[in-house]
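Inside the fold
Here is what each chain is made of, one letter per residue.
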Amino acid sequence: MLNLNQQALAPVLGQLDLNIPNRGLVISGQISQNQATALKAGAFVKRDPAQVGGLPQYLEASASEDSEGALLGTSKEDTFAKGEPVSVGSVGSIVYLTAKTTLAPQAKVECNADGSMQAVDTGKQRGITFDPGVAGELFRVLITNPVA
């Protein structure tokens with residue numbers, strides 16, 4: 001996988017942080033034909049329960065559902081339509097995501113309706129902040145969901 005930051009560029013949404021030993025699980029799959037809308041890098045996804053065999057098929061996970069992880073962006077795409085191949089940063093991956101509010105390091109976070117991260121309130125925990133988050137900016141999240 002190409003490290004988008006190898007030319008000292010700024011991190012992008014859904015980028016896997018490769019600057020630290022990242023022992024997280026990255027799973028290859030594709031967006032399910034049952035996914036109604038395109039998904040952006042950083043979106044949390046779950047397996048399509050209607051799938052039988054083959055590559056994992058992903059649907060967007062609602063805030064109240066467990067997820068398998070966050071969609072990882074590529075050097076060519078940050079939006080993925082049904083049938084497109086994707087990589088998912090799962091448990092143990094450290095992924096760049098957008099903060100909804102100011103967050104302290106090691107805060108438990110969930111995904112807001114707009115896809116940004118906030119302190120756990122009523123949704124499922126998606127991860128733990130790896131470093132501080134500032135509203136509207138990218139920061140690193142250690143993916144923990146569904147193991148929290």
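Nothing here was measured: the structure is a model prediction, and the numbers come from that model.

This next bit is on the overall build of the protein chain. Each helix and strand in the protein chain was counted, giving zero helices and twelve strands. Listing every helix and strand of the protein chain by position from the N terminus yields β-β-β-β-β-β-β-β-β-β-β-β. The buried share of the protein chain, taken over its 148 residues, is 44%. In the protein chain, 59% of the contacts between residues at least 6 apart in sequence involve partners at least 24 apart. Surface summary for the protein chain: the accessible area is close to 7,500 Å², and the carbon and sulfur share equals 54%.

Soluble globular proteins: nonpolar side chains tend toward being buried together. Among the nonpolar cores identified, the biggest contains 14 residues, and Phe44, Val95, Leu97, Met117, Phe139, Val141 and Ile143 are the most heavily contacted of them. When residues of this core are traced back to their parent elements, those giving at least two are strand S5 (69-72), strand S8 (94-98), strand S9 (108-111) and strand S12 (138-143). Considering each element in turn, this core owes the most residues, three residues, to S12. Setting aside residues no more than four positions away along its own chain, Phe44 makes contact with Leu59, Glu60, Ala61, Ser67, Gly69, Ala70, Leu97, Cys111, Met117, Arg126 and Ile143. Of all hydrophobic cores here, the second largest spans eleven residues; its members include Ala41, Tyr58, Phe80 and Val86.

The five strands lie next to each other as S8-S12-S11-S9-S10, forming an open sheet whose pairing is antiparallel. Each edge of the sheet is formed by a strand with only one pairing partner; in this case those strands are S8 and strand S10 (117-119). This sheet shows a mean twist of 50° between the axes of neighbouring strands, independent of strand direction. The pairing of S8 with S12 spans five bridges and is antiparallel. Among the inter-strand pairings, Val95 is bridged to a residue of S12, identified as Val141.

With that out of the way, let us pick up the pairing of S9. Examined bridge by bridge, S9 and strand S11 (residues 127-129) share two bridges and lie antiparallel to one another. Bridge pairing links Lys108 to Ile128 in S11. Relative to S10, S9 is paired through three bridges, and the arrangement is antiparallel. Its bridge partner lying in S10, Cys111 is registered against Met117. Counting the residues between successive antiparallel strands, the hairpin from S9 to S10 contains five residues, one of them, Gly115, with a positive phi of roughly 95°.

Our focus in this paragraph is the confidence of the model for the protein chain. Mean pLDDT over the protein chain: 88, with 88% of residues reaching 70 or higher. In the predicted structure, residues 1-5 sits below a pLDDT of 50 and forms 15 contacts with residues beyond four places in sequence or in another chain.

A separate point is the pattern of salt bridges. Taken as a whole and assessed by the stated rule, the structure comprises six salt bridges. Between Glu68 and Arg47 there is a salt bridge whose closest N-O contact spans 2.9 Å. With Glu68 in the loop between strand S4 (57-60) and S5 and Arg47 in strand S3 (residues 44-47), the pair connects residues that are 21 residues apart, well separated along the chain. One salt bridge connects Asp66 with Lys124, and the closest N-O pair in it is separated by 3.7 Å. With Asp66 in the loop between S4 and S5 and Lys124 in the loop between S10 and S11, the pair connects residues that are 58 residues apart, well separated along the chain. Of the residues examined, Lys124 reaches a relative accessible area of 32% and is grouped as partly exposed.

Calculation criteria
- Residues numbered from 1 in each chain as written.
- Predicted model: local features only at pLDDT ≥ 70, side-chain atom pairs only at ≥ 80, totals over all residues.
- Heavy atoms only, no water.
- Helix = DSSP H or I, 4+ residues; strand = E, 2+ residues; numbered from the N terminus.
- Buried < 20%, exposed > 50% of the residue type's maximum accessible area, 1.4 Å probe, protein only.
- Contact = heavy atoms within 4.5 Å.
- Areas by Shrake-Rupley, 256 points an atom, 1.4 Å probe, with all protein chains shown as cover.
- Core = buried A, V, L, I, M, F, W, Y, C linked by side-chain atoms within 4.5 Å.
- Pairing = 2+ DSSP bridges.
- Axes fitted to C-alpha atoms, helices over the stretch in contact; angles between N-to-C directions.
- pLDDT = per-residue confidence, 0-100.
- Salt bridge = Lys/Arg side-chain N within 4 Å of Asp/Glu carboxyl O.

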